[in-house]
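Breakdown of the fold
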Amino acid sequence: MKPALNIEYKRNRQSRSIRISHRGQSNFLVTYPYYVSRKKAEAFVNQKWPWMERIVDTIEPGLTLRSYLHQNPNIYPWHVGQKSLDLFEIEAPGLIDELKGLARESLPFRIKALSKEKEIEITQVQIRDQRTRWGSCSSSGTLSLNWRLILMPFALQNHILLHELAHKVELNHSDAFWGLLSNWDPDCQENRKAIRTIGKTLIHLTLE
Ligand SMILES: [Zn+2]
C-alpha cells in the first residue's frame, strides 16, 4: 500500500515560485506566491506526487542521495536545515559538490575543536572522496576525512573524528587505542555498531 501524504499549503509574500519541502515522515509543506492560485499549486503537487512518495518510502538499498537527505532532515541541522530548499533545487551532480563544500566547511573546523579539547596536535586535514573508509591518519600526520561523514547523525560523526584523533596517540588498533577511544566516547560500542549499519546505506546511495 502506498503511504498517505500530509500536505500543508501556505501562501507566502516572499515566495517567487512553488516549492515543496519535506517536513519529516509523510509531511510536506508547499509554499507558493500570492499571484499563483491554490489550484495551480495543487496541480504542481500532483505532478511531483511520485517523487514525494519515493521520499516517504523507508530507507532501502538503491536509495538516492536526495531522498536520504529528505528522509533525514535533522542529520546536519546547522547547514542542511537552512539549505534544505536550496539542496532540493540543485541538480544531481551539483548536489554532491554542495555537500562536499559543506563537509570542507565543517569537518576540519570540528576536528580541530576536538583536538584542542583533547590536547592533541594536528597539522593538516584533508576532505576526500573515499568509498571504503571514513577517515585515515598518515604517518606524516595528515588526517583524511570522507565527505560522506556529514550524512551521518552528529554523534556518529563525532565518534569517527575521535577515532582518527586517537590514532595520533595510538597508531594501531591496539587495546590501548580502544581504551582511549572508549574513554573519549562512552557510547563507543553502540556507535561503532550504528556506523556499520548506516555505512551500508551511505555507501549504496545513488545519485539519482
Ligand atoms: Zn582506525
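Residues numbered from 1 in each chain as written. Predicted model: local features only at pLDDT ≥ 70, side-chain atom pairs only at ≥ 80, totals over all residues.

**Concerning the nonpolar core**
Put simply, the rule is: Here a nonpolar core is just a set of buried residues of the types Ala, Val, Leu, Ile, Met, Phe, Trp, Tyr and Cys, joined wherever their C-beta atoms sit within 7 Å. Three exposure classes are used, based on other C-beta atoms lying within 10 Å of a residue's own C-beta, which is placed from the backbone: buried for 20 or more, exposed for 12 or fewer, and partly exposed in between. Numbered from the N terminus, helices here are DSSP runs of H or I no shorter than four residues, and strands are runs of E no shorter than two. Here, residues touch in the contact sense if the C-beta positions derived from the backbone fall within 7 Å of one another.
One finds A103, L107, I111, L145, L149, I150 and I160 to be the most contacted residues of the largest nonpolar core, which totals 23 residues. Those elements that place two or more of their residues in this core are α4 (92-117), β4 (125-128), β6 (143-146), α5 (154-166) and α6 (175-184). A total of six residues in this core trace back to one element, the largest contributor, which is α5. Excluding residues that lie within four positions of it along the chain, I111 makes contacts with I122, V125, L143, L161 and L165.

**Topic: the sheet that holds β4**
Cut-off, in case you're wondering: A pair of strands is considered paired only if DSSP assigns at least 2 bridges between the two. Axis definition: a line fit to C-alpha positions, over the contact stretch in the case of helices; interaxial angles, taken between N-to-C directions, run 0 to 180 degrees.
In space, the three strands of this open sheet follow the order β4-β6-β5, with mixed pairing throughout. Where the open sheet ends on each side, the last strands, each with one partner, are β4 and β5 (135-137). Across the sheet, the mean angle from the axis of one strand to that of its neighbour is 20°, orientation sign disregarded. Sheet topology note: the β5/β6 ladder contains three bridges and is antiparallel. Bridge pairing in β6 places C137 opposite L143. Sitting on the sheet, α4 touches β4 and β6, and the angle it makes with β4 is about 150°.

**A closer look at the sheet that holds strand β3 (residues 27-32)**
The sheet built from three strands is open, its strands ordered β1-β3-β2 with mixed pairing. At either margin of the open sheet sits one strand with a lone partner, and together these are β1 (6-11) and β2 (19-22). Pairs of neighbouring strands in the sheet enclose a mean axial angle of 25°, with direction left out of account. Note that β2 and β3 share four bridges and pair antiparallel. Paired with S21 across the bridge in β3 is L29.

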